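Residue-level listing of the chains:
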Amino acid sequence: MLDLVFISFIAYVLMLGLRRPFLWVLLYVYIDILAPQRIGYSIITELQVSLIAFAAAFGGWLLLDRKEGSRFSLRQFLMLILLVYCWWTLQGSAFPESAVTKWDWVWKALLFAIFLPLTVTTRARIEALALTLLLSIATIVIGTGLKIVSGGGGYGNLKFFVQDNSGIYESSTLATVAIALIPLTVWFTRYGTIFRPHWTVSLFAVGLIFASLLIPVGTEARTGLLCIAALAILLLRYTKQRFAFIAAAGVLGLTALPFLPASYYERMATIAQPGGDESASTRVAVWQWTLDYASRNPFGGGFDSYRANSFTYTLPVREEVGNTTSVEYREVVDEGRAFHSALFEILGEQGYPGLIIWLTLHGLGVFQMERIYRRWKGADDEAEAWISPLAAALQMASLIYLVGALFQGIAYQPVMLMIIGIQIGLNSYVKRLESVAGAFASDARETELSPSAVRSKRLRDAAKAAPKLAVP
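If you're wondering where the values come from, they're calculated on a predicted model, not measured in any experiment.

(A) Highlighting the overall build of the protein. In terms of regular secondary structure, the protein is built from 20 helices and two strands. Sorting the 472 residues of the protein into buried and exposed places 49% on the buried side. Expressed as a percentage of contacts within the protein between residues at least 6 apart in sequence, the contacts between residues at least 24 apart total 76%. Roughly 22600 Å² of accessible area belongs to the protein as shown, and the carbon and sulfur atoms make up 64% of that amount.

(B) Summary view of the packing of helix α6 (residues 74–91) against helix α16 (residues 342–376). For the pair α6 and α16, the least separation of the axes is 10 Å and the interaxial angle reads 165 degrees. Classified by the angle their axes make, α6 and α16 are roughly antiparallel. In this structure, the crossing between α6 and α16 has a hand that is left-handed. Two secondary-structure elements touch here, α6 through L74, R75, L78, M79, I81, L82, Y85, C86 and T89 and α16 through E349, Q350, P353, G354, I357, W358, T360, L361, H362, L364, G365 and Q368. Its residues placed into classes, the contact of α6 with α16 shows 12 nonpolar, seven polar and two charged.

(C) A look at unusual backbone geometry. Look at A35: it is not a glycine, yet its phi comes out positive at around 55 degrees. With respect to the helices and strands, the residue A35 is situated in the loop between α2 (22–34) and α3 (36–39). Take A35: its relative accessible area is 4%, and that puts it in the buried class.

(D) Summary view of the pattern of salt bridges. Scanning all chains against the criterion turns up 10 salt bridges. One salt bridge connects R125 with D65, and the closest N-O pair in it is separated by 2.8 Å. One end of the pair, R125, is in helix α8 (residues 123–149); the other, D65, is in the loop between α5 (49–63) and α6, and 60 residues separate them in sequence. In this structure R125 comes out as buried when scored by relative accessible area, which is 2%. Among the ionic pairs, R307 bridges to D304, the shortest N-O distance being 3.6 Å.

Cut-offs used in this document
Residues numbered from 1 in each chain as written. Predicted model: local features only at pLDDT ≥ 70, side-chain atom pairs only at ≥ 80, totals over all residues. Heavy atoms only, no water. Helix = DSSP H or I, 4+ residues; strand = E, 2+ residues; numbered from the N terminus. Buried < 20%, exposed > 50% of the residue type's maximum accessible area, 1.4 Å probe, protein only. Contact = heavy atoms within 4.5 Å. Areas by Shrake-Rupley, 256 points an atom, 1.4 Å probe, with all protein chains shown as cover. Axes fitted to C-alpha atoms, helices over the stretch in contact; angles between N-to-C directions. Parallel < 35°, antiparallel > 145°, perpendicular 65-115°, else oblique. Left-handed = near helix turned anticlockwise from the far one by under 90°. Nonpolar A, V, L, I, M, F, W, Y, C, P; charged D, E, K, R; others polar. Salt bridge = Lys/Arg side-chain N within 4 Å of Asp/Glu carboxyl O.

Written out as structure tokens, the structure is:
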């Protein structure tokens, strides 16, 4: 029955896309994030729904879309270089079989992220893409939150819609993405046009934010706690009453402490004392090995090069006998452990050139969103007031992701690559608006209106035309 529901929905959207091909882009986003083919049990597991949706999205854009405003940006070029470079390192991979397995999804994620900005050329499309991405994640987050509230949870024990612990369904990854999208959730409560600001929208957003904050608790993901701290620090910039915000956050945290399980305290304590936890100690050893490996292989070792690592480290083992606790230091030999950091993942697999490209890609995104935020801050016209807050939300999403990526191998996480696509689309959209700035003064002289009045009129006209531009 579940399979029929998914298949019917996908077929329905494919039919709607015959008139509005951009819906096929949104369908691929939904399928790529939620992965209904992994949730179902029978028929849908045999169908290549992801391939069908991607072919429809690309074919619809190529054949039916007007392509007004489409442009190829510097960040798309960087992703293209990274894609080609990943393919090049794949040829010399020391572990070709596992490397090909990772390449099979990495190239798709990068290619779609390169393609995505070409389709989001209007406000309506930018918002529709952001909303589809957010609601797809919300489906997982809300379901997971309900399990946590009902008593489920625990590190490695919380089950999502699928049975394997990979992709967005990996606990630490889900915690990072859920926290990173909280600013975008808030943006929709104030500036959304698909679902206009309303108390029902705000109520849903509050519930979603609460569920997102529960994910690090239910999964006991240490990275999630760091992402929450990063979010709190970033929000200080946009909060007028900073001391009140800090006090409220402190009270909220203290109120939640009695409801947290003892296992959560024990796991979070390893953040301050990584040497006492095998997982944390392993990460440090892997990072040291990766630095040495990159010095010998500056161009990387291809995907899954971590399988070559082998190291020994000392781990304290505590034993309690009655009221006495003894600590014995034992040597642990380990090998083939994952990078547990996007920085070291890129460094070990694509070397220093790949790391430079990856850091530049994300650094440019933070810079561009900052420029847009400052340039459009304070705009009060409805046609432009949404731009600066959206840039701020997307910038915070990137920064929180980067914090989480320091401790997870999620350098090619598809959801965050889609966030990059939205950032590029917003930047291109804003540049088109700014490109007419030179005409404001001359138009103002001819019409005896102020430049700001001319700009506001043009933006209102563009906003009215946006829904029409979304239909080929």
